[in-house]
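Spelled out from the first residue to the last, the chains are:
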Amino acid sequence: MTDDLILQVKNLRTYFTVDEGLVKAVDGVSFDLRKGETLGIVGESGSGKSVTNLSIINLIPSPPGKIVGGEVVFHGKDILKMSPNEIRHLRGNKVSMIFQDPMTSLNPFLKVSTQMIETIVLHQGLDKKAAKEKAIEMLKLAGIPAPEKRIDQYPHQFSGGMRQRVMIAMGLSCNPEILIADEPTSALDVTIQAQILELIQELTRKLGTAVILITHSLGVVAGMCDTLCVMYAGRIIERGKTDEVFEKPLHPYTQGLIHSVPRLDRENKERLYSIQGQPPNVIDLPDCCPFYPRCEKAMDICKKKYPASVGLGNGRAVSCWLYSEGNK
Ligand code: SF4
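So, here's what we can say about the structure. (Residues numbered from 1 in each chain as written. Predicted model: local features only at pLDDT ≥ 70, side-chain atom pairs only at ≥ 80, totals over all residues. Heavy atoms only, no water.)

Take the packing of aromatic side chains next. According to the stated counting rule, one finds 3 aromatic pairs in the structure shown. A ring pair is formed by Tyr-232 and Tyr-253, whose centres lie 4.6 Å apart and whose planes are at 55°; its orientation type is tilted. Taken together, the residues span a long stretch of sequence, with Tyr-232 in strand 9 (residues 227-232) and Tyr-253 in helix 10 (residues 252-259) at a distance of 21 residues. Since its relative accessible area comes to 0%, Tyr-253 is described here as buried. Pairing Tyr-253 with Phe-291 gives two aromatic rings, centres 5.3 Å apart and planes at 65°, and the pair type is edge-to-face. Highlighted residues: Tyr-253 in helix 10 and Phe-291 in the loop between helix 10 and strand 11 (310-313), separated in sequence by 38 residues. Comparing Tyr-253 with Phe-291, the two get one shared label, buried. Just above the ring of Phe-158 sits the side chain of Arg-150; from NZ or CZ to the centre is 4.3 Å. The lysine or arginine in question, Arg-235, covers the ring of Tyr-306, its NZ or CZ lying 3.6 Å from the ring centre. (Phe/Tyr/Trp six-rings, centres within 6.5 Å; stacked < 30°, edge-to-face > 60°. Helix = DSSP H or I, 4+ residues; strand = E, 2+ residues; numbered from the N terminus. Buried < 20%, exposed > 50% of the residue type's maximum accessible area, 1.4 Å probe, protein only. Lys NZ or Arg CZ within 6 Å of the ring centre and 35° of its normal.)

Have a look at this one:
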């Protein structure tokens, strides 16, 4: 690993066995994360982005899920082979997660102070007094007014946006190296969304934390992420520097996603583009390009074989027969 490389996900595969068959929710996902980098994982519901991130911290409910292959190397050590003790130390301390709905993570029966102090004492080894000071400092950084008073309130006494600020403060209170934010703004209204994203960006830059941001919104990714992975049916179908992918999307799915975003700088009154068809049924998917029923450029080979990922340099890669040697 080079010095600034902190996480390498290599050929990660997480499958779920359900009554109807096998769901390959994550099927051969690979990416690197560097210190201070913000990486966006974008895709429709069911594309495997959340399962990828739950797999990274080994939080897949088993059964029905199982990580069947791959490695998640954090500072040279495979998280998937860590003991329960090592994993406990990693979660919260080195890798934190914030979710779409803070109420799923905050205990409604406990004051914010109790929850934050407990986390800081457990992971940072501070005494209760020092932990409370740290918690207040983090709430202040996260933009909670009068944090000395509000820390002793219950989660229901905070608005949705304020609760998400509490979660961010809590997530960053142990100085993690990686913050995984799973659709952190989807449950909030638009003006609050922008504030929360700005806050995540500001705080993680200040603290040097790397971020994995999971979202279905390309707008969020464009404003915030250095690098971008586009997922479809459990695989990364395109990745690269965010500005390069936006400037020249290669995969027909990425092209469709980008063209379907409304743009204020477009004069014409044409109907907004939408990708035809529906996302595939991921149960027992055949090993071909899963996008072919929706793809305007589909060829015969697309229905027969999955296109390998083609590296194009500078971290850019795409899985599509249009760019594969095997098609020529
Ligand atoms: Fe379309 Fe074929 Fe490329 Fe799949 S592999 S995106 S079907 S051109």
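Moving on from the model shown.
So, on to helix 1 (residues 49-56). With 6 of its 8 residues buried, helix 1 lies for the most part within the structure. One or two residues past the end of helix 1 sits Asn-58, with phi positive at roughly 55°.

Once that is clear, we can look at the environment of Leu-322. Looking at where Leu-322 falls in the secondary structure, it is placed in the segment after strand 12 (316-318). Considered as a pair, Leu-322 and Cys-302 are 20 residues apart in the sequence and their alpha carbons are 9.4 Å apart.

Under the defined criterion, the tally for this structure stands at 10 salt bridges. A salt bridge links Lys-81 to Asp-78; its shortest N-O distance comes to 3.8 Å. Taking the relative accessible area as the measure of exposure, Asp-78 reaches 11% and is therefore buried. A salt bridge links Arg-316 to Glu-238; its shortest N-O distance comes to 2.6 Å. (Salt bridge = Lys/Arg side-chain N within 4 Å of Asp/Glu carboxyl O.)

Around the ligand, a shell composed of 13 residues is seen, among which Cys-289, Cys-295, Cys-302, Cys-320 and Trp-321 lie nearest. Here the shell around the ligand is composed, by residue class, of 11 nonpolar, 1 polar and 1 charged. (Near = heavy atom within 4 Å. Nonpolar A, V, L, I, M, F, W, Y, C, P; charged D, E, K, R; others polar.)

A few words now on the sheet that holds strand 2 (residues 21-34). Pairing within the open sheet is antiparallel, and its 4 strands lie in the order 2-1-4-5. Bordering the open sheet on either side are strand 2 and strand 5 (77-78), each of which pairs with just one other strand. Strand direction decides the pairing type here: strand 1 (residues 5-18) and strand 2, joined by 11 bridges, are antiparallel. Following the sheet pairing, Thr-17 is matched in strand 2 by Leu-22. Its contacts with the sheet put helix 1 on strand 1, strand 2 and strand 4 (65-74), and the angle it makes with strand 1 is roughly 115°. (Pairing = 2+ DSSP bridges. Contact = heavy atoms within 4.5 Å. Axes fitted to C-alpha atoms, helices over the stretch in contact; angles between N-to-C directions.)

Before going further, it helps to examine the sheet that holds strand 9. The 8 strands lie next to each other as 6-7-8-3-9-10-12-11, forming an open sheet whose pairing is mixed. Two strands lie at the open edges of the sheet, namely strand 6 (95-98) and strand 11, each paired on one side alone. Pairwise comparison of adjacent strand axes, ignoring direction, gives a mean angle of 20° for this sheet. With 5 bridges connecting them, strand 7 (residues 178-182) and strand 8 (residues 210-215) associate as parallel partners. Residue pairing for strand 8: Ile-178 is matched across the bridge by Ala-210. Across the face of the sheet, helix 1 comes into contact with strand 3 (38-42), strand 6, strand 7, strand 8 and strand 9 while running at roughly 145° to strand 8.

What you see with strand 6 is no split at all: Val-95 and Met-97 on one side and Ser-96 and Ile-98 on the other are buried throughout. The sheet contact formed by strand 6 and strand 7 spans 4 bridges and is parallel. Its bridge partner being in strand 7, Val-95 is matched across the sheet by Ile-178.

Here we take up the pairing of strand 10 (residues 235-241). When you tally the buried positions in strand 10, you get 5 out of 7 residues, the bulk of the element. Bridge analysis of strand 9 against strand 10 gives 6 bridges, and the strand direction is antiparallel. Directly across from Cys-229, in strand 10, lies its bridge partner Arg-239. Hairpin connection from strand 9 to strand 10: 2 residues lie between these consecutive antiparallel strands, with Ala-233 at a positive phi of about 50°. Strand direction decides the pairing type here: strand 10 and strand 12, joined by 2 bridges, are antiparallel. Paired with Arg-239 across the strands is Ala-317, a residue of strand 12.

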